[in-house]
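# Observations on the three-dimensional arrangement
In case you want the letters, here they are:
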Amino acid sequence: MRLPIILIAAVSLSACAIEPAPAWQSGDAEVGHQVAQDLCASCHAIERTGDSPNAAAPPLRRALWNFRPDWLADDLHASRAVSLRRMPVFHFGEGHEYDVVAYLLSIQEDAPPMPPPS
Ligand code: HEC
């Protein structure tokens, strides 16, 4: 009986079309730059150039190479630890976590090419 599956697929596809963008995509990169200055710059390089003050903290222009932006937004939103090691937990109230993620997305460098297979 294939019909119900096809129907369900069609209904959920049309639901996608009218759904608003998820909350984590609602950030303002300019506000996020300010927030990053206030909260992240003591450890991370937050601009497109420069080294991190804390050598263990990757420059934020590379922070999404290994990290999905929606997961980062989720972790920050829920005040969950981004890293289980040396990074503090943040408690955002006003949605600024989404601004930070928008800023991070706006400054990401291209990841280096994959190394050749050995
Ligand atoms: C007290 C220092 C400190 C502050 C402040 C800080 N971080 Fe970090 N962060 C780290 C360190 C150190 C790491 C590397 C992982 C580890 O050792 O915990 C890290 C890792 C990360 C990662 C993971 C990168 C990866 O490749 O795995 C992201 C994303 C990140 N930080 C975002 C942020 C954002 C956004 C802020 C500001 C809201 C921030 N951090 C503030 C120290 C900090």
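Structure: above.
Below, the structure is looked at part by part. Here the structure is a predicted model, which is why all the values come from computation and not from measurement.

What counts, and where the lines are drawn
Residues numbered from 1 in each chain as written. Predicted model: local features only at pLDDT ≥ 70, side-chain atom pairs only at ≥ 80, totals over all residues. Heavy atoms only, no water. Helix = DSSP H or I, 4+ residues; strand = E, 2+ residues; numbered from the N terminus. Buried < 20%, exposed > 50% of the residue type's maximum accessible area, 1.4 Å probe, protein only. Contact = heavy atoms within 4.5 Å. Polar contact = N/O pair within 3.5 Å; in protein donor to acceptor, adjacent residues only side chain to side chain. Salt bridge = Lys/Arg side-chain N within 4 Å of Asp/Glu carboxyl O.

## Examining the environment of R48
- Along the chain, R48 turns up in the loop between helix 2 (29-39) and helix 3 (69-77).
- Owing to a relative accessible area of 53%, R48 belongs among the exposed residues under this scheme.
- Those residues in contact with R48 that lie beyond four places of it in its chain are R61, S106, I107 and E109.
- Polar side-chain contacts of R48 include one of 3.0 Å to the backbone oxygen of S106.

## Concerning the pattern of salt bridges
- Considering all chains together, one arrives at four salt bridges under this definition.
- Residue E109 pairs with R61 through a salt bridge whose shortest N-O separation is 3.1 Å. With E109 in the segment after helix 4 (96-107) and R61 in the loop between helix 2 and helix 3, this residue pair connects regions lying 48 residues apart in the sequence.
- Assessed through its relative accessible area of 5%, R61 is described here as buried.
- When the shortest N-O distance is used, the salt bridge between R68 and D70 registers 2.5 Å.
- Take D70: its relative accessible area is 17%, and that puts it in the buried class.
- One network of salt bridges, with partners in common, ties together R61, R62 and E109.

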